[in-house]
Amino acid sequence: MTESSPVQGHVFREADYCLLIDRRDRQYLVHLMPGSTFDSHIGSCDLTELIGQPAGTWIETAKGHWMIAFKPTLADLALRMPRIATVMYPKDLGAMLVQADIFGGARVVEAGAGSGATTMSLLRAVGPGGKVTSYDIRQDMLDQTLANVEKEYAVHDNLELKRGDVYQGFDETDVDRIILDLPEPWHVIPHASEKLVPGGILFSFLPTVLQVHEFSQALRAQRTFQVIETLELIMRPWSVAGRSVRPSHRAIGHTGFITTARKCSPQPGAETRQPPESSAAETSDTPPNR
Ligand SMILES: C[S@@+](CC[C@H](N)C(=O)[O-])C[C@H]1O[C@@H](n2cnc3c(N)ncnc32)[C@H](O)[C@@H]1O
C-alpha cells in the first residue's frame, strides 16, 4: 500500500493532493487534476504546472504572488479534507497510534468510519501486512471515507469498509485492536471482550466525561478488561516570530477524552478491582483542608 501511496513520493503526480501555502501562511488543500486551477483573492494559477514538479516547489499566481506547494501530511489531510462527520484531531490521532499500540501487521476493527481521518491513520500504521475493517451505520459516511482514502492511497487492499451497527456486534475474530469513535461505546464492550485477542486493546474517543464514566463503569463490570485508563491531551501551539515568542492566539479547544483498556481472562473473585486513584484520593493524596 505505502509504495503506491501518492503522498509517499517526492514528485507531484496527477490526482495527488497538494497543500498550497501563501505568504501569510494561509493553507489550501487542492487536488491536482488535469485542467484544474486555483483561484483566490491573490490570483489564480494553473495547477497542472505542478504535476511532475518536486514537492516544495514554488508557483506564481496571475497577480504575482508566490505560493509554496507541499504534499500534505496526515495532519493536514485530517483537518482539511472533505468531511461530513467530526474527525479526530491530529493530536488525538497521534496519541491513538501509541496508546492503542497500533503496529505493522495489526488486525484492527474501527467504528465509526465517519470522514475517514482515523481510518487513514490506522491504514498507514498497520501497513500492507495489516488489516483495518471499518464499520459505519451510515452509507454516506462509508462513501466519504472511501473517497478520502482513495485520494491518499492508490492501493488500499488492507482496508475493508462495512455497513453495520457495531452495537449489535461485528464479524471479525482474533482482533488485535478495536478503535471506537461513536457516542455509546459501552454497547460494544461484550463484543470486544469476545473478539479481542488476549491482551488486545480497546480504545475509545469520547467528547464528554459522562460518557467516559459510563464506558469505564461498563468496562469494569465486564470483568475481562484491566488497565482501564483515561487521558486528555491539551495542545498549545506557539508563535515564534522575531522577538515575539508566545503562545499562539489560535488555541485548540476541547476535543475529547481517550480511554483504553486491555483484554484479560475473567477476573477471579467477586470484588471488582478498584482503579488505583480512587483509593489514593481517599487517603494520603488527599490535599489538607478539603
Ligand atoms: C465522530 S464520527 C467518527 C469520525 C472518524 N473517527 C473520523 O476521524 O473521521 C462517528 C461515526 O460513528 C457512526 N456511528 C454511530 N453509531 C454507530 C454504530 N452503532 N455503529 C456503527 N457506526 C456508528 C456515525 O455514523 C459516524 O459516522
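Located above this text is the structure these notes cover.
Right, let's walk through the structure included here. (Residues numbered from 1 in each chain as written. Predicted model: local features only at pLDDT ≥ 70, side-chain atom pairs only at ≥ 80, totals over all residues. Heavy atoms only, no water.)

A few words on the overall build of the protein chain. If you tally the helices and strands in the protein chain, you get seven helices and 15 strands. For the C-alpha atoms alone, the extent of the protein chain along its principal axes is close to 75 × 50 × 30 Å. By the burial criterion, 44% of the 290 residues in the protein chain qualify as buried. Summarising the internal contacts of the protein chain: among those between residues at least 6 apart in sequence, 63% fall at separations of at least 24. Entry remark: accessible area of the protein chain is about 15000 Å², with carbon and sulfur atoms responsible for 53%. (Helix = DSSP H or I, 4+ residues; strand = E, 2+ residues; numbered from the N terminus. Buried < 20%, exposed > 50% of the residue type's maximum accessible area, 1.4 Å probe, protein only. Contact = heavy atoms within 4.5 Å. Areas by Shrake-Rupley, 256 points an atom, 1.4 Å probe, with all protein chains shown as cover.)

In the neighbourhood of the ligand, 22 residues make up the surrounding shell, with Ser115, Thr118, Asp136, Asp165 and Asp181 lying closest. In this structure, serine 115 approaches the ligand through a main-chain N or O atom, which is 3.0 Å from an oxygen atom. Here an oxygen atom of the ligand and a backbone polar atom of alanine 117 are 3.3 Å apart. When the ligand sits alone it has 610 Å² of accessible area, and the protein chains cover 88% of it. Placement of the ligand is best described as lying within the second largest pocket. Classifying every residue of the shell around the ligand gives eleven nonpolar, seven polar and four charged. (Near = heavy atom within 4 Å. Polar contact = N/O pair within 3.5 Å; in protein donor to acceptor, adjacent residues only side chain to side chain. 1 Å grid on protein atoms, 1.4 Å probe; cavity = no way out; pocket = protein on both sides within 12 Å on 5 of 7 lines; lining within 4 Å. Sits in = over half its atoms within 2 Å of the grid points. Nonpolar A, V, L, I, M, F, W, Y, C, P; charged D, E, K, R; others polar.)

The next point concerns the side chain of glutamine 267. The residue glutamine 267 is located in the loop between β15 (257-263) and α7 (276-281) in this model. A polar atom in the side chain of glutamine 267 sits 3.3 Å from the side chain of glutamine 226.

Now for the nonpolar core. If you look at the biggest cluster of nonpolar residues, it comprises 28 residues, and the most contacted ones within it are Val108, Ile179 and Phe203. At the level of elements, α1 (74-80), α2 (90-99), α3 (117-126) and β11 (196-206) are the ones that each hand at least two residues to this core. Looking at which element gives the most residues to this core, the answer is α3, with five residues. Non-local contacts of isoleucine 179, meaning those with residues more than four positions away in its chain, are made with Met96, Ala100, Ile102, Val108, Val109, Glu110, Ala111, Thr118, Leu122 and Phe203. (Core = buried A, V, L, I, M, F, W, Y, C linked by side-chain atoms within 4.5 Å.)

Attention shifts here to the sheet that holds strand β2 (residues 27-31). Spatially, four strands are ordered β2-β1-β6-β5 in an open sheet, and the strand pairing comes out antiparallel. In the strand order of this sheet, the two ends are held by β2 and β5 (57-60), each with one partner. The average angle at which neighbouring strand axes cross in this sheet is 35°, direction not considered. Bridge count between strand β1 (residues 17-21) and β2: five bridges; the pairing is antiparallel. (Pairing = 2+ DSSP bridges. Axes fitted to C-alpha atoms, helices over the stretch in contact; angles between N-to-C directions.)

Taken as a whole, the largest pocket encloses approximately 590 Å³ of empty space. For the lining of the largest pocket, the elements supplying multiple residues, two or more each, are α1 and α2. With four residues, the top contributor of residues to the lining of the largest pocket is α1. Along the lines of polarity and charge, the residues of the lining of the largest pocket split into eight nonpolar, two polar and five charged. Looking at the second largest pocket, its volume works out to about 510 Å³. Looking at the second largest pocket, it is lined by 30 residues, and the ones nearest its centre are Gly112, Asp136, Asp181, Leu182 and Pro183. (Points joined across faces, edges and corners; volume = space filled by probe spheres on them.)

This brings us to the side chain of threonine 255. Checked against the element boundaries, threonine 255 lands in the loop between β14 (244-247) and β15. The buried category is assigned to threonine 255, whose relative accessible area is 17%. Of the polar contacts made by the side chain of threonine 255, one reaches the side chain of aspartate 92; its length is 2.8 Å. Those residues in contact with threonine 255 that lie beyond four places of it in its chain are Tyr89, Lys91, Asp92, Phe205 and Pro207.

Turning next to a nonpolar patch on the surface. Together, Trp238, Val240 and Val245 line one region of the surface with nonpolar side chains, adding up to about 330 Å² of accessible area. One can find valine 240 in strand β13 (residues 238-241). (Patch = residues over 30% accessible without salt bridge, like charges linked within 9 Å, V, L, I, M, F, W, Y side chains within 5 Å. Salt bridge = Lys/Arg side-chain N within 4 Å of Asp/Glu carboxyl O.)

All quantities given are derived from atomic positions and should not be read as evidence of function.
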